[in-house]
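What the coordinates show
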Amino acid sequence: MDAAPLYRQLATHYRQAIAAGALAPGDRMPSVRALMARHGVSLSTALQTCRHLESQGLLEARPRSGYFVRPPRRATLAPVEEPHPSLPDPAQYIGIHQRVSAILARGQARPDALNLAVACGAPSLYPAAALQQAAMRVLRHQPELFGRPVPFNGTPAFRAALAQQALAARMTLGADDIIVTHGCVEALNLALRAVAQPGDVVAVESPTFYGLLQILENLGLRALEIPTSPQTGISLEALDLAADAYANIKAVVVVPNLQNPLGAIMPDAHKARLAAWAEARSIALIEDDTYAALGNDDTPLPALKAFDTSGNVIHCASLHKTLAPGMRLGWIAPGKWRPRVEMLKYAQSRPNEALSQLAVAEFMTSGGFERHLRRLRAQLREQRERMGEAVAAYFPAGTRLNVPPGGFGLWIELPGKLSSERVFDAALEDCIRVSPGVMFANSGRFDHYLRLSCGSPWSRELDQAIRRLAALVERLATS
Ligand SMILES: Cc1ncc(COP(=O)(O)O)c(C=O)c1O
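Residues numbered from 1 in each chain as written. Predicted model: local features only at pLDDT ≥ 70, side-chain atom pairs only at ≥ 80, totals over all residues. Heavy atoms only, no water.

Within an unreviewed UniProt entry, the label attached to the chain reads HTH gntR-type domain-containing protein, and the organism entered is Oryzomicrobium terrae. What UniProt records for the chain under Sequence similarities (unreviewed entry) is the sentence "In the C-terminal section; belongs to the class-I pyridoxal-phosphate-dependent aminotransferase family." (UniProt positions renumbered as here; feature names shortened; annotations may be inferred.)

A separate point is the pattern of salt bridges. For the structure on display, the rule yields 21 salt bridges. Measuring nitrogen to oxygen at the nearest pair gives 2.6 Å for the salt bridge that ties aspartate 89 to arginine 445. In this pair, aspartate 89 is assigned in the loop between β2 (66-69) and β3 (92-93) and arginine 445 in the loop between β16 (435-436) and β17 (449-453), connecting sequence segments 356 residues apart. Judged by its relative accessible area of 37%, aspartate 89 falls in the partly exposed class. Residue glutamate 342 pairs with arginine 338 through a salt bridge whose shortest N-O separation is 3.4 Å. Here arginine 338 and glutamate 342 lie together in helix α11 (residues 338-348), a separation of four residues that amounts to about one turn. What makes glutamate 342 buried here is its relative accessible area of 18%. Here the salt bridges do not stand alone but share partners, grouping Arg106, Glu421 and Asp425 into one network. (Salt bridge = Lys/Arg side-chain N within 4 Å of Asp/Glu carboxyl O. Helix = DSSP H or I, 4+ residues; strand = E, 2+ residues; numbered from the N terminus. Buried < 20%, exposed > 50% of the residue type's maximum accessible area, 1.4 Å probe, protein only.)

Further remarks concern unusual backbone geometry. Cis geometry is found at the peptide bond from serine 206 to proline 207, where omega equals 5 degrees. With respect to the helices, strands and loops of the structure, proline 207 is situated in the loop between β6 (201-206) and α8 (210-218). Residue proline 261 is bonded to the preceding asparagine 260 through a cis peptide linkage, with omega at 15 degrees. Even without being glycine, arginine 64 reaches a positive phi, approximately 60 degrees. Mapping arginine 64 onto the fold places it in the loop between β1 (59-62) and β2. By relative accessible area, which is 87% here, arginine 64 ends up exposed.

The next subject is the packing of aromatic side chains. According to the stated counting rule, one finds nine aromatic pairs in the structure shown. Summarising the aromatic geometry, the rings of phenylalanine 209 and tyrosine 210 are spaced 6.1 Å apart at their centres and angled 45 degrees between planes, so their arrangement reads as tilted. A relative accessible area of 22% means that phenylalanine 209 is categorised as partly exposed. Here the aromatic rings of tryptophan 411 and phenylalanine 446 are separated by 6.2 Å at their centres, their planes lie at 50 degrees, and the arrangement is tilted. Residue tryptophan 411 is located in strand β14 (residues 409-413), and its partner phenylalanine 446 is located in the loop between β16 and β17; the two are separated by 35 residues in the primary sequence. Residue class for tryptophan 411 comes out buried when judged on its relative accessible area of 1%. Residue phenylalanine 446 is classed as buried on the basis of its relative accessible area of 11%. Of the aromatic side chains, those joined through ring pairs into one cluster are Phe209, Tyr210, Trp411, Phe440, Phe446 and Tyr449. (Phe/Tyr/Trp six-rings, centres within 6.5 Å; stacked < 30°, edge-to-face > 60°.)

Near the ligand you find 13 residues, and of these Asp288, Tyr291, Ser318, His320 and Lys321 are the closest. Between the ligand and cysteine 184, the relevant distance is 2.8 Å, taken from an oxygen atom to a main-chain nitrogen or oxygen of the residue. Side-chain polar atom of asparagine 260 to an oxygen atom of the ligand: 2.7 Å apart, as the coordinates give it. In isolation the ligand offers 400 Å² of accessible surface; the protein chains occlude 94% of this area. The element best represented in the shell around the ligand is helix α7 (residues 183-195), accounting for three residues. In terms of residue class, the shell around the ligand is built from five nonpolar, five polar and three charged. (Near = heavy atom within 4 Å. Polar contact = N/O pair within 3.5 Å; in protein donor to acceptor, adjacent residues only side chain to side chain. Areas by Shrake-Rupley, 256 points an atom, 1.4 Å probe, with all protein chains shown as cover. Nonpolar A, V, L, I, M, F, W, Y, C, P; charged D, E, K, R; others polar.)

The following block contains the structure:
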């Protein structure tokens, strides 16, 4: 049973109709009278529905004519540029750790700032109360839980629930194929240590999640930054050129679904080609599938691992963004490297504690996870659209913008090659925290980009923050 008020349920219905194109920009919304007759609702519910859609920026009221579907304002901003599939620069030792840490520290020193830098949802977006109840039920049924050691590789119940979930992403994994980790970051560390030695070359997307660059730096690996499309992900042509030009690439790390920071989704045909290419070249393929469940569509996005025929793809993921930022629960399906990854995990940190795994297993098997994800997807979509519209409305000409089909972030190209670090500093002065593009590549190639998080419900405060940010960009761009 949907607990949302009737007008919100109707608004969702019409929002979906607009998204699907059944009601196109410029079309007339059914009149208030038609809504009353069609859905058997009162005048005030029909009016509230239209007003709610208007407040979401989806409808506009025209005097004496009724409500009309509004063209998205962000159509006025061009999308960020596609990269050229050129030969990448040679692999480099990463020297970004200090830069990233310094930027993070500067941001953290301003806890009062509005945080548009975090690639995660606001606490209100996650089912903390339901998870708390599940954890309490687990402890009631297993009062001796804290007195028993945790099973090797994680609890069977959680691994079985993950294996069940994996089916939706078209992977066929048994519970034994999965090792529970401390978030995706531990999974990535294990995967890289399993397939590469210090000094080896690893191909990565460019731009990429700065945490990955930090991991590579910590492991003494060299990164080969491969041009990556905001629409289709890593350039397979550039990867092929790179593998011919620079022998000895040990691994490729990609975020095939809703890449951070671009939001790209690799088409299934590319996933299949990439899996076959890596297999043929004996290069390990490491997939970070952190965001896959957060697409606009309720149909799950297939994992790269779904196209793996030989165990060459290592699948890494976590619940940090999708279910519980406060639990450090991730996992790895290491394919043919399982014995080595098991050994590394055991040597590195031993199994994760059991309570959170068991609570989540219960939540997943009860169907709570799927219901939560449906709500979260709809909420994030609305938040991205609202922020995208605000950026389009307030930022100066020359700004380019990507509103991706899922996830938490907008990727913005600043006008006039304005330095994102200057924007970062000035925004922080004004109590707004953003992620400057300089964090997302070892080279300075993305210095004039910004990532803005849309993890929080839209509010007047956010609208004003985007307005202030835009004014500041305009001032810096013209000074
Ligand atoms: C692509 C990607 N992978 C991994 C992580 C972090 O994963 P976890 O918190 O599960 O360790 C992030 C967080 O920003 C991310 O964007």
